[in-house]
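Notes for the structure review
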Amino acid sequence: GGEWSLGDYLLRIDGDALAPEGILRGDLLVIRPGPTDDESPVLLEFKNGVATVKRVLQGRGGHPSLAPATPRVDRRRGRRAPLDYTVLGRVMEVVRRFDEG
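Residues numbered from 1 in each chain as written. Predicted model: local features only at pLDDT ≥ 70, side-chain atom pairs only at ≥ 80, totals over all residues. Heavy atoms only, no water.

Quick look at the nonpolar core now. If you look at the biggest cluster of nonpolar residues, it comprises 9 residues: Ile13, Leu18, Ile23, Leu29, Ile31, Leu43, Val53, Ala69 and Val91. Once residues within four sequence positions are removed from consideration, isoleucine 31 is found in contact with Asp8, Tyr9, Leu11, Leu43, Gly89, Arg90 and Val91. (Core = buried A, V, L, I, M, F, W, Y, C linked by side-chain atoms within 4.5 Å. Buried < 20%, exposed > 50% of the residue type's maximum accessible area, 1.4 Å probe, protein only. Contact = heavy atoms within 4.5 Å.)

Laid out in structure tokens, this is it:
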């Protein structure tokens with residue numbers, strides 16, 4: 001939650017890959033651009049252009065690892081992060097719209 005700021009943007013989810021994280025097709029993510037210094041869920045873009053939402057954890061030896069976005073994850077299960085990714089921004093909020101009909 002929190003207040004939105006100038007520069008925040010919305011990203012509509014198009015697919016079911018994040019369903020295990022509770023983020024469903026059609027949901028809007030409020031993204032605050034830039035890196036974060038904590039383990040909040042972030043929007044990542046990989047070198048191949050694929051984007052996803054993960055938590056970036058400090059792994060063994062100071063190497064980052066990627067874990068699911070949900071806070072209930074066992075942090076030991078993070079996978080070593082690929083070298084070529086960019087943090088596009090912190091996920092501030094998930095907005096879900098329930099259409100009638």
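Attention now moves to the pairing of strand β4 (residues 51-58). Direction of pairing for strand β3 (residues 41-46) relative to β4: antiparallel, over a ladder of 5 bridges. Of the residues in β4, the one forming a bridge with leucine 43 is valine 53. Of the strand pairs in this sheet, β4 and strand β5 (residues 64-67) are connected by 4 bridges, and their pairing is antiparallel. Bridge pairing in β5 links valine 56 to leucine 66. (Pairing = 2+ DSSP bridges. Helix = DSSP H or I, 4+ residues; strand = E, 2+ residues; numbered from the N terminus.)

The next thing to look at is the confidence of the model for the protein chain. Averaged over all residues, the pLDDT of the protein chain equals 83, while 83% of them reach at least 70. Confidence, expressed as mean pLDDT per element, reaches its minimum in the protein chain at strand β6 (residues 79-80) with 64 and its maximum at strand β2 (residues 28-33) with 95. (pLDDT = per-residue confidence, 0-100.)

With 5 of 6 residues buried, β3 lies mostly within the body of the structure. As paired elements, β3 and strand β7 (residues 85-95) share 5 bridges and run antiparallel to each other. Residue pairing for β7: valine 42 is matched across the bridge by arginine 90.

Summed over the entire model, instances satisfying the criterion amount to 4 salt bridges. Between arginine 32 and aspartate 8 there is a salt bridge; the shortest N-O distance is 2.9 Å. Remark: aspartate 8 occurs in the segment before β1 (9-12) and arginine 32 occurs in strand β2; sequence separation between them is 24 residues. On the basis of relative accessible area, arginine 32 is assigned to the partly exposed category, the value being 25%. (Salt bridge = Lys/Arg side-chain N within 4 Å of Asp/Glu carboxyl O.)

Residue placement: alanine 67 occurs in strand β5. The sequence separation of alanine 67 and arginine 55 amounts to 12 residues, and the corresponding C-alpha distance is 5.2 Å.

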